[in-house]
Amino acid sequence: MKILLKHTSIDFGHYDAAILHDTFAVISFRVRSEIEEKCMQLPLIFENGKDAREAYKRILHGRNAGSDSVSISDYDCFWPMETAQKIEQYAQYMYDFDRPIIL
């Protein structure tokens, strides 16, 4: 499932859990152990806990419904894109051993 943000997207397939920390207005995405075995988490940071909670509900609803994508682009949030891109590249490398990895 793809999570659509304003300027990018998150491939939820690289993560095995989304964890809401509404006190801090954060949703943490835990990287799958097949990709990174030390339980690395990437934060999706919102302006307030209410937005984080509503976005989290959309994400869970989309995941549980088996949706191909879910949009949370109407919320202002920050995602560490460079790190997420490295995770995506590494995951692609793991599933396609003929391609070189560029980090």
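The structure presented is a predicted model; accordingly, all values stated were derived computationally and were not measured.

Criteria and cut-off values
Within each chain, residues carry numbers counting from 1 in the order of the written sequence. Where totals are concerned, whole chains, interfaces and linings use all residues; where local detail is concerned, this predicted model gives features only for residues with pLDDT of at least 70, and gives and counts side-chain atom pairs only at 80 or more. Calculation of side-chain values draws on the structure's entire complement of heavy atoms; hydrogens and water are dropped beforehand. In what follows, salt bridge is the name for a side-chain nitrogen of Lys or Arg lying within 4 Å of a carboxyl oxygen of Asp or Glu. Secondary structure follows DSSP: runs of H or I at least 4 residues long count as helices, runs of E at least 2 residues long count as strands, and numbering of each begins at the N terminus. Partly exposed residues are those whose accessible area sits between 20% and 50% of the maximum for their type, while under 20% is buried and over 50% is exposed, using a 1.4 Å probe and protein chains only. Only strands joined by at least two bridges in the DSSP assignment are considered to pair. Helix axes use the C-alpha atoms of the stretch in contact, all axes being lines fitted to C-alpha atoms, and the angles between their N-to-C directions lie in the range 0 to 180 degrees.

A few points about the pattern of salt bridges
Between side chains of opposite charge, a pair can form as their charged atoms come close. Under the defined criterion, the tally for this structure stands at five salt bridges. Here K6 makes a salt bridge to D76, at a shortest N to O gap of 2.5 Å. Pair noted here: K6 is in the loop between strand 1 (2-4) and strand 2 (9-11) and D76 is in the loop between strand 6 (69-71) and strand 7 (77-78), with a separation of 70 residues, a long-range link. According to the relative accessible area criterion, K6 is partly exposed, its value standing at 45%. Under the relative-accessibility criterion, D76 is labelled partly exposed at 35%.

Side note on the side chain of H14
By the element assignment, H14 lies in the loop between strand 2 and strand 3 (15-21). On the basis of relative accessible area, H14 is assigned to the buried category, the value being 11%.

Quick look at the sheet that holds strand 1
Taken in spatial order, the three strands make up an open sheet running 2-1-6, and their pairing is mixed. A single partner strand is all that each edge strand has here, and the edge strands are strand 2 and strand 6. Taking each pair of neighbouring strands and ignoring which way they run, the sheet shows an average axis angle of 15°. As judged from the three bridges shared by strand 1 and strand 6, these two strands associate in the parallel manner. Bridge assignment links I3 to a residue of strand 6, and that residue is V70.

The quantities given are spatial measurements derived from coordinates; they are silent on function.
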